Amino acid sequence: MIQYALKCDEGHSFDSWFKSAEAFEKLSSSQMITCPVCGSTSIKKSVMAPQVCTTRTTVATSEQPKAPLSATETKYEQALKELKTYIEKKSHYVGREFISEARAMHQGDVPERSIHGEARADEARELIEDGIPVAPLPFMPTRKTN
């Protein structure tokens, strides 16, 4: 896993983890990385300092530091946490079926309800072009496994 500091074309900065440098390049070239603030898919790597481990134990076990760099949440982090909690409580997680569920609701095939799930950027654009209202979430949904 590798962490990159990223920046969108609007100047918003954020961090994200990727399986490898190649995984970042693949996702970036297919515009599957979005800015959590504005939703832009024009994302570039930003200058960042490498994370350096200070002991062999930390390196061997990939153990994370015990205390985060910022122990307190910013008001934006708190607002995002509250938004995520609200959305996950008030809507139904449909996972990768999001596109088909949104279309079925729009066409009247299934009852309308609040849903959230996963979709590629190009799939979401198609929904919008077809007049189906969708919006990207500024966080990854908690995946339901059962």
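The sections below set out a description of the structure shown in this document.

Rules used in this analysis
- Residues numbered from 1 in each chain as written.
- Predicted model: local features only at pLDDT ≥ 70, side-chain atom pairs only at ≥ 80, totals over all residues.
- Heavy atoms only, no water.
- Helix = DSSP H or I, 4+ residues; strand = E, 2+ residues; numbered from the N terminus.
- Contact = heavy atoms within 4.5 Å.
- Pairing = 2+ DSSP bridges.
- Axes fitted to C-alpha atoms, helices over the stretch in contact; angles between N-to-C directions.
- Phe/Tyr/Trp six-rings, centres within 6.5 Å; stacked < 30°, edge-to-face > 60°.
- Buried < 20%, exposed > 50% of the residue type's maximum accessible area, 1.4 Å probe, protein only.
- Polar contact = N/O pair within 3.5 Å; in protein donor to acceptor, adjacent residues only side chain to side chain.
- Right-handed = clockwise from strand over helix to strand, strands pointing away.
- Salt bridge = Lys/Arg side-chain N within 4 Å of Asp/Glu carboxyl O.

**So, the environment of Leu-83**
Within the secondary structure, Leu-83 is located in helix 3 (residues 75–90). Considered as a pair, Leu-83 and Phe-139 are 56 residues apart in the sequence and their alpha carbons are 9.4 Å apart. Beyond its immediate chain neighbours, meaning those up to four positions away, Leu-83 contacts Pro-138 and Phe-139.

**Focus on the sheet that holds strand 3 (residues 43–45)**
Strand order in this open sheet of three strands is 2-1-3, and the pairing throughout is antiparallel. Bordering the open sheet on either side are strand 2 (13–18) and strand 3, each of which pairs with just one other strand. Adjacent strand axes in the sheet meet at a mean angle of 40°, parallel and antiparallel pairs treated alike.

**Re the packing of aromatic side chains**
All told, the structure shown has three aromatic pairs when counted by the stated rule. Centre to centre, the rings of Phe-18 and Phe-24 are 5.1 Å apart; their planes meet at 80°, and the pair counts as edge-to-face. Summarising the burial analysis for this pair, Phe-18 and Phe-24 share the class buried.

**Some words on the side chain of Thr-41**
Assignment of secondary structure puts Thr-41 in the loop between helix 1 (21–29) and strand 3. Here the side chain of Thr-41 touches Arg-125 through a polar contact of 3.5 Å, side chain to side chain. Ignoring sequence-local partners within four residues, the contact set of Thr-41 consists of Gln-31, Ile-33, Thr-34, Ala-121 and Arg-125.

**A few points about the pairing of strand 4 (residues 92–95)**
Across three bridges, the pairing between strand 4 and strand 5 (residues 115–117) is parallel. The partner of Gly-95 across the bridge, within strand 5, is Gly-117. With respect to chirality, the unit in which strand 4 leads through helix 4 (residues 98–106) into the neighbouring parallel strand 5 is right-handed.

**Topic: the pattern of salt bridges**
In the structure shown here, the tally under the stated rule is six salt bridges. The partner of Lys-45 in a salt bridge is Glu-25, with the nearest N and O atoms 3.6 Å apart. Taken together, the residues span a long stretch of sequence, with Lys-45 in strand 3 and Glu-25 in helix 1 at a distance of 20 residues. A relative accessible area of 40% places Lys-45 in the partly exposed class. A salt bridge links Arg-120 to Asp-122, with the shortest nitrogen-to-oxygen separation between them at 3.1 Å. Given a relative accessible area of 32%, Arg-120 falls into the partly exposed group. Look at Asp-122 and you get partly exposed, because its relative accessible area is 34%.

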